[in-house]
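So you can see what is in the structure, the chains are spelled out below.
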Amino acid sequence: MATKKNQEIIYNPTKKYLEKFIIIDKLIYDKKNVNFNIKSGNSLFFAEDGICYVLKEVK
């Protein structure tokens with residue numbers, strides 16, 4: 001999991017840690033136009049199935 005601090009990466013976050021977040025969208029890369037579907041976000045979660053999710057922390 002990559003967090004809003006640019007250099008911070010959490011490997012294999014626990015389910016309890018992930019409960020603090022909600023999924024906003026999937027991050028999709030368009031190879032043809034070299035573009036992402038989302039321009040900015042706070043936290044990314046790279047799931048075991050290879051999908052990258054944009055997360056938002058629940059307060």
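Computed from a prediction, not measured in an experiment: that's the story for all the values here.

**Structural notes on the overall build of the protein**
Helices and strands together make up the secondary structure of the protein, namely 1 helix and 5 strands. Along the protein, helices and strands appear, N-terminal first, in the series α-β-β-β-β-β. Of all intrachain contacts in the protein linking residues separated by at least 6 positions in sequence, the fraction that spans at least 24 positions is 50%. With the model as given, the accessible surface of the protein reaches about 5,200 Å², and the carbon-plus-sulfur share is 53%.

**What about the packing of aromatic side chains?**
Taken as a whole and judged by the stated rule, the model has 2 aromatic pairs. Here the aromatic rings of Y17 and F21 are separated by 5.6 Å at their centres, their planes lie at 50°, and the arrangement is tilted. Classification of Y17 as partly exposed rests on a relative accessible area of 24%. A centroid spacing of 5.0 Å and a plane angle of 45° characterise the contact between Y29 and F36, whose relative ring orientation is tilted. For Y29, a relative accessible area of 41% corresponds to the partly exposed category. For F36, a relative accessible area of 40% corresponds to the partly exposed category.

**Structural notes on the sheet that holds strand β4 (residues 43–46)**
Overall, antiparallel pairing links the 3 strands, which are arranged β1-β5-β4 in an open sheet. Each edge of the open sheet is held by one strand with a lone partner, namely β1 (21–26) and β4. In this sheet, adjacent strand axes meet at a mean angle of 40° when their direction is disregarded. Strand direction decides the pairing type here: β1 and strand β5 (residues 52–57), joined by 5 bridges, are antiparallel.

Parameters and conventions
- Residue indices follow the written sequence of each chain, beginning from 1 at its first position.
- It should be noted that, the model being predicted, local features are given only for residues of pLDDT at least 70 and side-chain atom pairs only at 80 or more, the latter also being counted only at that level, while totals for whole chains, interfaces and linings use all residues.
- Side-chain numbers here rest on the full set of heavy atoms in the structure, without hydrogens or water.
- Only DSSP runs of H or I with at least four residues qualify as helices, and only runs of E with at least two residues qualify as strands; both kinds are numbered from the N terminus onward.
- Here a residue-residue contact requires only that any non-hydrogen atoms of the pair lie within 4.5 Å.
- Accessible areas in this description were obtained via Shrake-Rupley with a 1.4 Å probe; residue shielding takes into account the shown protein chains only.
- By convention, a stacked pair of Phe, Tyr or Trp rings (six-membered ring in the case of Trp) has centres within 6.5 Å and planes under 30 degrees apart, an edge-to-face pair has planes over 60 apart, and any other such pair is tilted.
- Exposure categories follow from relative accessible area, calculated using a 1.4 Å probe and restricted to protein chains: below 20% of the type maximum is buried, above 50% is exposed, and the middle band is partly exposed.
- Think of it this way: DSSP has to see at least two bridges between two strands before they count as a pair.
- Every axis corresponds to a line fitted to the C-alpha atoms, with the helix fit spanning only the stretch in contact, and the corresponding angles, defined between N-to-C directions, vary from 0 to 180 degrees.

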